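These are the residues of each chain, in order.
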Protein chains: 2
Amino acid sequence: MSAEMNKIPYKIYLEENEMPKAYYNLRADMPIKPAPLLNPGTGKPLTFEEMQPIFCDELIKQELDNDTQYIPIPQEVADFYKMYRPSPLVRAYCLEKALDTPAHIYYKFEGNNTSGSHKLNSAIAQAYYAKQQGLKGVTTETGAGQWGTALSMACSYFGLDLKVFMVKVSYEQKPFRREVMRTYGASVTPSPSMETAVGRRINEEFPGTTGSLGCAISEAVEVATTTEGYRYELGSVLNQVLLHQSIIGLETKAALDKYGIKADIVIGCAGGGSNLGGLIAPFMGEKLRGEADYRIIAVEPASCPSFTRGIYAYDFCDTGKVSPLAKMYTLGSGFIPSANHAGGLRFHGMSPVLSELYDEGLMEAIAVEQTSVFEAAEKFARVEGILPAPESSHAIKVAIDEALKCKETGEAKNIVFGLTGTGYFDLVAYQKYNDGEMSDIIPTDEELQASFAKLPKVNA
Amino acid sequence: MSAEMNKIPYKIYLEENEMPKAYYNLRADMPIKPAPLLNPGTGKPLTFEEMQPIFCDELIKQELDNDTQYIPIPQEVADFYKMYRPSPLVRAYCLEKALDTPAHIYYKFEGNNTSGSHKLNSAIAQAYYAKQQGLKGVTTETGAGQWGTALSMACSYFGLDLKVFMVKVSYEQKPFRREVMRTYGASVTPSPSMETAVGRRINEEFPGTTGSLGCAISEAVEVATTTEGYRYELGSVLNQVLLHQSIIGLETKAALDKYGIKADIVIGCAGGGSNLGGLIAPFMGEKLRGEADYRIIAVEPASCPSFTRGIYAYDFCDTGKVSPLAKMYTLGSGFIPSANHAGGLRFHGMSPVLSELYDEGLMEAIAVEQTSVFEAAEKFARVEGILPAPESSHAIKVAIDEALKCKETGEAKNIVFGLTGTGYFDLVAYQKYNDGEMSDIIPTDEELQASFAKLPKVNA
């Protein structure tokens, strides 16, 4: 091992001048574009003007832009990136040794910033465009808390107000996430609150409710659209978010190229698709342009299997059914996944970009159960040192499985996966695993069929 | 700012081949050596043989070695370091801009590993020497939990058993720290326990006690000395720990040298001295050899001011008075600091190496109150992105003060400070600060005099 170690370092860091100067817009290279968002009232594609009360102008342009291949990263955003990027591409020498595999395993580690995840990559861009537009502030919702933390850091940096609606049960059970957001100056309100019309209505209708992401989205959108100088920002699913997250894949590709390494398999966890879409972008681009081939694998929780058991249809992005309609792999916006600790993967739908690519057979998807995910997480932590987030550990699980297949076949494949974040705020889940109290609950076919039956009529 | 940014990057990373190959033993360059540890029974210097039942042989050699200037880093330890080192030396461009200071501020960030602090640097070395000696396992105590976490990662890596005695109140109030240690395979026992003679005695004498670090040390030492194939390991104060932590300073110096930067002021927080001793080692070495001059500042909490209000005398290292005697700046081993959230700085004494240097006037010390520390922490977090540990924030506070002095005088001094770790497990303290419920309690002169009166007779 030692001779090779001298060639490829444990961690490949790009120099500042090797960092990407522009985001890569994968849609420009897609022969079939992702389906547009629809206005649920009219059933017609949402226009720039219809989106303007909700989103920042520049972000709407990015959302609708299916043609521009590279979109420059603004200098102020690039300067912020320098504080925590380039993130390291790590050669998992110790994991390879522990698995006794001939495979070479690499992971792109996005947890080296205070938000603890890749979410900051898009948060800082979105905050920048809001500031550029002269806005006073923005609103958002947060469940597990990674996105809310990231956006609070970004807004603090640009001096923007931020109002976060945090699902009430998380607000109460995850006080630490809440305090990080407050430390960065965000106001954090448990949702449903009495501050919005929709919040008051829900509180009245369901007394004692602990909230949901759908409800928090509705409250955040209401405040954004009814407060002078505010807009709403979202951390996943949207095309603009995948665009910003392409920095993950661009850096990964540049780091591999620097050492002449050709990836064979690229693996990422998939919730709404922000990390996966960003990681695979340049690899998928080469594949679409016929320049290279890669196996690309999305990993999702068996408790919320949008790709592997969902259907490709128009659906609401939120459980409250107030959002635009997106064409995507979905379990139905009314689907409530069983308690799975990977909060960031508990989303019923999937990015329209990734949904289109999956539908065309350009990528694979695998659903894994959470006890096997935590087993992989623990194995990884013990040899590689990093305590991974449960979300990220879905990718670890499949990377290990692929590396063990290489052991059987004797192939020295290059396996690359995205390690999206750290598990410091997920220790309640680790405790359940350590105590042997974690279980796997997967939806029945009947549940899914009942959920599909409620999809919006526009699909008919 | 932009032109200069092109010269010095936000983060200076060393290449793998630029990383230190040996630890630097500052004691070799000290004309007056630190005073030896004494056997409290005989009042005479502890011998190798007396230490052998407690510590690993190689670590005792390092503890007693005042002469060897450089001690090679074993290859296995160097390989482990590659997973999380070199840690970045960050140019705090955003903090400088926020303070509008001509000073150049740099910080060495040691929080980029799962233990969340610099403690891992010594933990991996100590675990390695235990493994080399053919031991089955080691024991330790932990209060705030950083050291216990670091040692659990290190022992997991080398396949050693680890038994951690965790102060009962922390065990109950910091379940997340406990779960990280368990995830890395350590057994964690709340102290005082019923598993040791000393634990049973204390539980009987003080029913319902929530424990103390002194008691946890006593339990860990008892298990180490009465279990075949076990030794005890400690994360601060000792000479061997400062030796391992010299990697912080060596990397910092190498990164500065790479860009031709001469530090004017070097600042570190001081609890037992492990971080400060490591950070300043090569700078103090040059100072002792007459090659360069630096202002070196230790920052301690006003609630536990060993340097600024303690006396230089022989004292026990633990409150249970079972440890050897060390000559150090101490508040008295019976001194109980008021609740200060920087758990890692709540130690009554100080490293004998640093105590000797301070006594000779080779470094300064400043005591700061914790509300001002959290104010500095929040300011730093908002512009530099990293959520700092309360301990580290003591150094931030003084670095900011020095930078503001430069603003008054117009001097472009190079200020270097140690950012020892992250505050993910300290959010109860941040919450108190956010809610305006944090207070500053400093000991009275009467309290300190009463504590000094109980120092061991060997000083008479």
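Residues numbered from 1 in each chain as written. Chains lettered and ligands numbered in written order. Predicted model: local features only at pLDDT ≥ 70, side-chain atom pairs only at ≥ 80, totals over all residues. Heavy atoms only, no water.

Enquirer: Please clarify how the packing of helix H12 (residues 239–258) of chain A against helix H13 (residues 274–288) of chain A should be interpreted in this entry.
Expert: The geometry of a pair of packed helices is captured by two quantities: the angle between their axes and the separation between those axes. Residues and elements named next belong to chain A. Packing of H12 against H13 leaves a shortest axis separation of 6 Å and a crossing angle of 55 degrees. Comparing their axes, H13 and H12 come out oblique. Between H12 and H13 lies a crossing of right-handed hand. Contact with H12, carried on its side by Val241, Leu242, Gln245, Ser246, Ile248, Gly249, Leu250, Thr252, Lys253 and Leu256, involves Ser274, Asn275, Gly277, Gly278, Leu279, Ala281, Pro282, Phe283 and Glu286 of H13 and no other residues of that element. Looking at the contact of H12 with H13 residue by residue, the classes come out as nine nonpolar, eight polar and two charged. (Axes fitted to C-alpha atoms, helices over the stretch in contact; angles between N-to-C directions. Helix = DSSP H or I, 4+ residues; strand = E, 2+ residues; numbered from the N terminus. Parallel < 35°, antiparallel > 145°, perpendicular 65-115°, else oblique. Left-handed = near helix turned anticlockwise from the far one by under 90°. Contact = heavy atoms within 4.5 Å. Nonpolar A, V, L, I, M, F, W, Y, C, P; charged D, E, K, R; others polar.)

Enquirer: I would appreciate a short explanation of the sheet that holds strand S6 (residues 137–142) of chain B in the present structure.
Expert: Hydrogen bonds between backbone atoms are what pair the strands of a sheet, whose relative direction is either parallel or antiparallel. Residues and elements named next belong to chain B. One open sheet accounts for four strands, arranged S8-S7-S6-S9; its pairing is parallel. Here the strands that pair on one side only, and so sit at the sheet edges, are strand S8 (187–191) and strand S9 (230–232). If you compare each strand with its neighbour and ignore which way they point, the axes differ by 25 degrees on average. Alignment of S6 against strand S7 (residues 161–167), held across six bridges, turns out to be parallel. In the strand pairing of S7, threonine 142 is matched with methionine 166. The strands touched by helix H9 (residues 175–183) within the sheet are S6, S7 and S8, with S7 carrying the most contacts at an inclination of about 170 degrees. Across the face of the sheet, helix H11 (residues 213–226) comes into contact with S6, S7, S8 and S9 while running at roughly 170 degrees to S6. (Pairing = 2+ DSSP bridges.)

Enquirer: Before we go on, may I ask you to explain the packing of helix H9 (residues 175–183) of chain A against helix H18 (residues 427–434) of chain B in this structure?
Expert: Packing of H9 of chain A against H18 of chain B leaves a shortest axis separation of 9 Å and a crossing angle of 50 degrees. Taken together, H9 of chain A and H18 of chain B sit at an angle that is classed as oblique. Crossing angle aside, the handedness with which H9 of chain A passes H18 of chain B is left-handed. Between H9 of chain A, through Phe176, Arg178, Glu179, Val180, Arg182 and Thr183 of chain A, and H18 of chain B, the contact on the second element is made entirely by Leu427, Val428, Tyr430, Gln431 and Asn434 of chain B. A class-by-class count of the residues in the contact of H9 of chain A with H18 of chain B yields five nonpolar, three polar and three charged.

Enquirer: Please explain the pattern of salt bridges as it appears in this structure.
Expert: Here the idea is simple: oppositely charged side chains can pair when their charged atoms come close. Residues and elements named next belong to chain A. This model, assessed by the stated rule, comprises 48 salt bridges over all chains. With a closest N to O distance of 3.6 Å, lysine 61 and glutamate 58 form a salt bridge. In this pair, lysine 61 and glutamate 58 both sit in helix H3 (residues 57–64), three residues apart, roughly one turn of the helix. Looking at lysine 61, the relative accessible area reads 46%, which means it is partly exposed. Glutamate 58 sits in the partly exposed class, given a relative accessible area of 33%. Arginine 295 serves as the salt-bridge partner of glutamate 402, at 3.2 Å between the closest nitrogen and oxygen. (Salt bridge = Lys/Arg side-chain N within 4 Å of Asp/Glu carboxyl O. Buried < 20%, exposed > 50% of the residue type's maximum accessible area, 1.4 Å probe, protein only.)

Enquirer: Mind showing me how you'd approach the sheet that holds strand S11 (residues 295–301) of chain A here?
Expert: Residues and elements named next belong to chain A. Taken together, the seven strands give an open sheet; going across it, the order is S1-S4-S5-S15-S10-S11-S14, and neighbouring strands pair in mixed fashion. One side of each edge strand has no neighbouring strand; the edge strands of this open sheet are strand S1 (11–12) and strand S14 (364–368). Across five bridges, the pairing between S11 and S14 is parallel. Each bridged residue has a counterpart across the sheet, and for glutamate 300 the counterpart in S14 is alanine 367. Set on the sheet, H12 makes contact with S1, strand S4 (89–91), strand S5 (104–109) and strand S15 (414–419); between it and S5 the angle comes to about 140 degrees. Docked against the sheet, helix H16 (residues 370–384) engages S4, S5, S14 and S15, running at close to 95 degrees with respect to S14.

Enquirer: Is there a simple way to think about the relation of the copies chain A and chain B in this case?
Expert: Note that the two copies of the chain are related through a rotation about an axis and a translation along the same axis. Laying chain A over chain B is done by rotating through 180 degrees and shifting 0.0 Å along the axis; what remains is an RMSD of 0.0 Å. Interpreted geometrically, this transformation is the action of a two-fold axis. Interface overlap between copies is the fraction of interface residues in one copy that are interface residues in the other; for chain A against chain B it reaches 100%, indicating a shared surface. (Least-squares fit on C-alpha atoms with pLDDT ≥ 70 in both.)

Enquirer: Is there a simple way to think about the packing of aromatic side chains in this case?
Expert: Here a ring pair, both rings aromatic, is described through the centre-centre distance and the interplanar angle of the planes. Tallied over the entire structure, the rule returns 43 aromatic pairs over all chains. The interplanar angle of 75 degrees and the centroid separation of 5.1 Å between the aromatic rings of tyrosine 157 of chain A and phenylalanine 158 of chain A together place this pair among those described as edge-to-face. Residue classification places tyrosine 157 of chain A among the partly exposed positions, given a relative accessible area of 23%. The ring centre of tyrosine 171 of chain B lies 4.8 Å from the NZ or CZ of arginine 178 of chain B, which sits over that ring. A cation sits over an aromatic face here: lysine 327 of chain B above tyrosine 312 of chain B, 4.5 Å from the ring centre. (Phe/Tyr/Trp six-rings, centres within 6.5 Å; stacked < 30°, edge-to-face > 60°. Lys NZ or Arg CZ within 6 Å of the ring centre and 35° of its normal.)

Enquirer: When you look at the nonpolar core in this model, what are you seeing that I'm missing?
Expert: Within soluble globular proteins, side chains that are nonpolar tend to cluster in buried spots. Formed by 244 residues in total, the largest nonpolar core has its most connected members in Met363 of chain A together with Met363 of chain B. Once you skip the residues sitting within four places of it in the chain, methionine 363 of chain A turns out to touch Leu276, Ile280, Met284, Ile296, Ala298, Phe307, Leu354, Leu357 and Tyr358 of chain A. (Core = buried A, V, L, I, M, F, W, Y, C linked by side-chain atoms within 4.5 Å.)

Enquirer: Explanation requested: unusual backbone geometry in the structure shown.
Expert: Trans is the common state for peptide bonds, and a negative phi is the common state for residues other than glycine. A cis amide bond links serine 191 of chain A with the next residue in sequence, proline 192 of chain A, at an omega value of 5 degrees. Cis rather than trans, the peptide bond between arginine 85 of chain B and proline 86 of chain B has omega equal to -5 degrees. With respect to the helices and strands, the residue proline 86 of chain B is situated in the loop between helix H4 (75–84) and strand S4 (89–91). The backbone phi angle of valine 237 of chain A is positive, close to 65 degrees, even though this residue is not glycine. In this structure, valine 237 of chain A sits in the loop between strand S9 (230–232) and H12. Judged by its relative accessible area of 7%, valine 237 of chain A is buried. Of note, aspartate 100 of chain B is a non-glycine position whose phi angle comes to about 55 degrees, a positive value. With respect to the secondary-structure elements, aspartate 100 of chain B resides in the loop between helix H5 (93–99) and strand S5 (104–109). A residue is classified by how much of its surface remains accessible, and aspartate 100 of chain B, at 54% relative accessible area, is exposed.

Enquirer: What is the right way to look at the interface of chain A and chain B in this model?
Expert: Frequently, the measure chosen for interface size is the accessible area removed from exposure when the parts meet. Counting residues at the interface gives 44 residues for chain A, matched by 44 residues for chain B. Interface of chain A and chain B: buried area, both sides summed, is about 4,300 Å²; carbon and sulfur atoms make up 55% of it. Applying the counting criterion to the chain A and chain B interface returns two salt bridges. Of the charged contacts in the structure, one is a salt bridge between aspartate 435 of chain B and arginine 182 of chain A, with a shortest N-O distance of 2.8 Å. Viewed at the interface, chain B and chain A are joined by 26 residue pairs in polar contact (both at pLDDT 80 or more). Elements represented by at least two residues in the side of chain A that touches chain B include exactly helix H4 (75–84), helix H7 (146–158), H9, H16 and helix H18 (427–434) of chain A. Here the side of chain A that touches chain B takes six residues from H9 of chain A, the largest share from any one element. Taken together, the residues that form the side of chain A that touches chain B break down as 22 nonpolar, nine polar and 13 charged. (Buried area = accessible area lost by both parts, 1.4 Å probe. Polar contact = N/O pair within 3.5 Å; in protein donor to acceptor, adjacent residues only side chain to side chain.)

Enquirer: Honestly, H16 of chain A in this entry has me stumped. Any pointers?
Expert: Since the α-helix advances by 3.6 residues per turn, residues separated by three or four positions end up pointing in the same direction. Residues and elements named next belong to chain A. Taking 1.5 Å of rise per residue, 15 residues should cover 21 Å, and H16 covers 20 Å from first to last C-alpha, within 8% of that figure. Burial runs high along H16: eleven of the 15 residues are buried. Trailing H16 by a residue or two, glycine 385 shows a phi angle of about 85 degrees, which is positive. (Expected span 1.5 Å × (residues − 1).)

Enquirer: I keep staring at the side chain of histidine 394 of chain A and nothing clicks. Help me out?
Expert: Mapped onto the elements of the fold, histidine 394 of chain A is located in helix H17 (residues 390–409). Among all residues touching histidine 394 of chain A, those that are not within four sequence positions of it are Cys269, Val299, Glu300, Pro301, Ala342, Leu345, Val368 and Val373 of chain A.

Enquirer: Any chance you could explain empty space enclosed by the protein here in plain terms?
Expert: Take a probe with the size of a water molecule and roll it over the atoms, and the empty space left behind shows itself. Taken as a whole and assessed by the stated rule, the structure comprises four cavities of 30 Å³ or more. Estimated volume of the largest cavity: approximately 510 Å³. Looking at the lining of the largest cavity, the elements that each hand over two or more residues are H4 of chain A together with H4 of chain B. Here the residues of the lining of the largest cavity sort into 24 nonpolar, 14 polar and four charged. Of the voids in this model, the second largest cavity is the one considered here, and its volume is about 90 Å³. Contributing to the lining of the second largest cavity are 13 residues, with Tyr24, Leu26, Leu242, Leu243 and Val353 of chain A lying nearest its centre. (1 Å grid on protein atoms, 1.4 Å probe; cavity = no way out; pocket = protein on both sides within 12 Å on 5 of 7 lines; lining within 4 Å. Points joined across faces, edges and corners; volume = space filled by probe spheres on them.)

Enquirer: Help me out: how do you make sense of helix H11 (residues 213–226) of chain A in this one?
Expert: All names here are of chain A. Taking 1.5 Å as the rise per residue, H11 with 14 residues should run 20 Å; its terminal C-alpha atoms sit 20 Å apart, in good agreement. For H11, the buried fraction is high: ten of the 14 residues fall into the buried class. Looking only at H11, the buried set comprises Gly214, Cys215, Ala216, Ile217, Ser218, Glu219, Ala220, Val221, Val223 and Ala224. On its buried side, H11 packs onto strand S6 (137–142), strand S7 (161–167), strand S8 (187–191), helix H10 (197–205) and S9. Regarding H11, its N-cap is serine 212, as a side-chain oxygen of that residue lies 3.2 Å from the backbone nitrogen of cysteine 215 further along.

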